[in-house]
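This is what each chain is made of:
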Amino acid sequence: MSALEDIRDIMQGWFEDCACESAKQLGAPHSGKMLRSKLILAIAPENEQTKRLCAVIELIQNASLLHDDVIDEASMRRGQPSLNATAGARNAIMMGDLLYAKAFYELTRLGDEIARIVSEAVVHLSNGEVADVCYAGKLYDNELHYLQVVYDKTASLLRASSHAAAILAGLDTQALASYGENLGMAFQIVDDVLDIMQDSTKLGKNALHDFKEGKCTLPYIYLFQKLDSAQKQVLQSLIGRDLDAGEQQWLLDNLRDSGAIEQAIAKAREYGDFALQSIQHIQNAKLKEIVAQMIEREF
Ligand code: FPP
Ligand code: MG
């Protein structure tokens, strides 16, 4: 049995005595690509503690996505209807709470230092979500603000995952924490570009979903910086709503012609390079591969 299957089993085992049938299934089927587990397994030895850490992080990630889909009113997640779409927002919130509570219970068994690192990341995660909601519908040209939200929402948990894995492995914690953080920044920027570039079948959620949801991600920030004031007004009038075919085309043409997409991809590559620089002194081919896979996916 592969380590990822073991981790799915651990997660399912944690919900075996749960009163609700659907909670028992939340571990394995909803665990997605398990990117964070792959990262941890690339750093730490494949033992019980490492797998427990993976399961904890996956549960936190799954819990946050359940809540995020309720907040975003998303109908799709990982190519399937989201839980809020099939079972309603109330159930999705309760399931998120359950996963989250169980994750924290199990986290305490990993020791104080790891518990502190992971729970600090969850504070960032929550702050990132709050910022995302606060700024919804607003176009802005503040790249630093965007990068802070990306750190909070995504990079903080990847940083915590690789930091905790380094503790379990007895490796350079600062180098690996920095690797995870920069990988997370690259990952989220790529995600935001793919939201524009890929169609909904590949993405498992609706294309241009971020913009229609009112999220001003990096390509839109770069586009906003390049438009004249009349065009800025057009862009502002489009964010946060459904677009007709002409409006969607206007947006896609401008994103492409302005170089905003290329600029965002270059930024993701920059973070990928920072990640690699952080582990220059560590011989680990898998970690280098993860950066390449992360950045080169579908473009
Ligand atoms: C996805 O962002 C959202 C996150 C990565 C973080 C969500 C965090 C919370 C809801 C707060 C923490 C809550 C718990 C229970 C730990 P996105 O909407 O940009 O990505 P998407 O397009 O994949 O939905
Ligand atoms: Mg969302």
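Let us look at the structure shown here. (Residues numbered from 1 in each chain as written. Chains lettered and ligands numbered in written order. Predicted model: local features only at pLDDT ≥ 70, side-chain atom pairs only at ≥ 80, totals over all residues. Heavy atoms only, no water.)

### Description of the overall build of the protein chain
Part 1 of the argument: Looking only at helices and strands, one finds 16 helices and two strands in the protein chain.
Part 2 of the argument: Relative to the compact-globule value of 19 Å for 299 residues, the protein chain shows a C-alpha radius of gyration of 19 Å, a close match.
Part 3 of the argument: For the C-alpha atoms alone, the extent of the protein chain along its principal axes is close to 60 × 50 × 30 Å.
Part 4 of the argument: Counting over 299 residues, the protein chain shows a buried share of 52%.
Part 5 of the argument: Considering only intrachain contacts with a sequence separation of at least 6, the fraction spanning at least 24 residues in the protein chain is 72%.
Part 6 of the argument: Total accessible area computed for the protein chain in this model is approximately 13,600 Å², and 50% of it derives from carbon and sulfur atoms.
Part 7 of the argument: Of the side-chain charges in the protein chain, 29 are positive and 43 negative, and the distance between the mean point of each set is 1 Å. (Helix = DSSP H or I, 4+ residues; strand = E, 2+ residues; numbered from the N terminus. Rg over C-alpha atoms; globule rule 2.2 N^0.38 Å. Buried < 20%, exposed > 50% of the residue type's maximum accessible area, 1.4 Å probe, protein only. Contact = heavy atoms within 4.5 Å. Areas by Shrake-Rupley, 256 points an atom, 1.4 Å probe, with all protein chains shown as cover. Lys, Arg positive; Asp, Glu negative; His and termini not counted. Charge placed at Lys NZ, Arg CZ, Asp CG, Glu CD.)

### Section: the coordination of the magnesium ion (ligand 2)
Part 1 of the argument: For the magnesium ion (ligand 2), the full set of protein donor atoms is Asp68 (OD) and Asp72 (OD), and the range of their distances to it is 1.9 to 2.1 Å. Residue aspartate 68 and its partner aspartate 72 are located together in helix H4 (residues 48–72), separated by four residues, close to a single helical turn.
Part 2 of the argument: What makes aspartate 68 buried here is its relative accessible area of 12%.
Part 3 of the argument: By relative accessible area, aspartate 72 is classed as buried at 18%. (Donors = N, O, S within 2.8 Å, 3.2 Å for Na, K, Ca; no water.)

### With respect to the pattern of salt bridges
Part 1 of the argument: The tally for this structure, following the rule as stated, stands at 17 salt bridges.
Part 2 of the argument: In this structure, aspartate 132 engages lysine 215 in a salt bridge whose closest nitrogen and oxygen atoms are separated by 3.7 Å. Of the two residues, aspartate 132 sits in helix H7 (residues 112–134) while lysine 215 sits in the loop between helix H11 (209–213) and helix H12 (218–226), which places them 83 residues apart along the sequence.
Part 3 of the argument: When its relative accessible area of 14% is taken as the criterion, aspartate 132 is described as buried.
Part 4 of the argument: One salt bridge in this structure joins arginine 159 and glutamate 181, with 2.7 Å as the shortest N-O distance. Residue arginine 159 is located in helix H8 (residues 143–169), and its partner glutamate 181 is located in helix H9 (residues 173–197); the two are separated by 22 residues in the primary sequence.
Part 5 of the argument: Owing to a relative accessible area of 22%, arginine 159 belongs among the partly exposed residues under this scheme.
Part 6 of the argument: Salt bridges linked by common partners bring Asp72, Asp132, Lys153, Glu213 and Lys215 together as one network. (Salt bridge = Lys/Arg side-chain N within 4 Å of Asp/Glu carboxyl O.)

### Overview of the side chain of histidine 163
Part 1 of the argument: Topologically, histidine 163 is positioned in helix H8.
Part 2 of the argument: Histidine 163 sits in the buried class, given a relative accessible area of 12%.
Part 3 of the argument: For histidine 163, the contacting residues outside a window of four places in its chain are Ile117, Thr173, Gln174 and Ala177.

### Some words on the packing of aromatic side chains
Part 1 of the argument: In the structure shown here, the tally under the stated rule is four aromatic pairs.
Part 2 of the argument: Pairing tyrosine 135 with tyrosine 140 gives two aromatic rings, centres 5.6 Å apart and planes at 70 degrees, and the pair type is edge-to-face.
Part 3 of the argument: Stacked on the ring of tyrosine 135, the Lys or Arg lysine 138 has its end atom at 5.7 Å from the ring centre.
Part 4 of the argument: When the ring centre of phenylalanine 224 is taken as origin, the NZ or CZ atom of lysine 232, which lies over that ring, is 5.1 Å away. (Phe/Tyr/Trp six-rings, centres within 6.5 Å; stacked < 30°, edge-to-face > 60°. Lys NZ or Arg CZ within 6 Å of the ring centre and 35° of its normal.)

### Looking at helix H16 (residues 285–296)
Part 1 of the argument: End to end, H16 covers 17 Å across 12 residues, agreeing with the expected 16 Å (1.5 Å per residue, within 8%).
Part 2 of the argument: Of the positions making up H16, those classed as buried are Leu287, Ile290, Val291, Met294 and Ile295. Projected down its long axis, H16 shows its buried positions confined to an angular sector of 115 degrees, all on one face.
Part 3 of the argument: Contacts from the buried residues of H16 go to helix H3 (35–43), H9 and helix H15 (260–278).
Part 4 of the argument: Between a side-chain oxygen at the N-terminus of H16 and the backbone nitrogen of lysine 286 the separation is 3.1 Å; the capping residue is asparagine 284. (Expected span 1.5 Å × (residues − 1). Arc of directions from axis to C-beta. Polar contact = N/O pair within 3.5 Å; in protein donor to acceptor, adjacent residues only side chain to side chain.)

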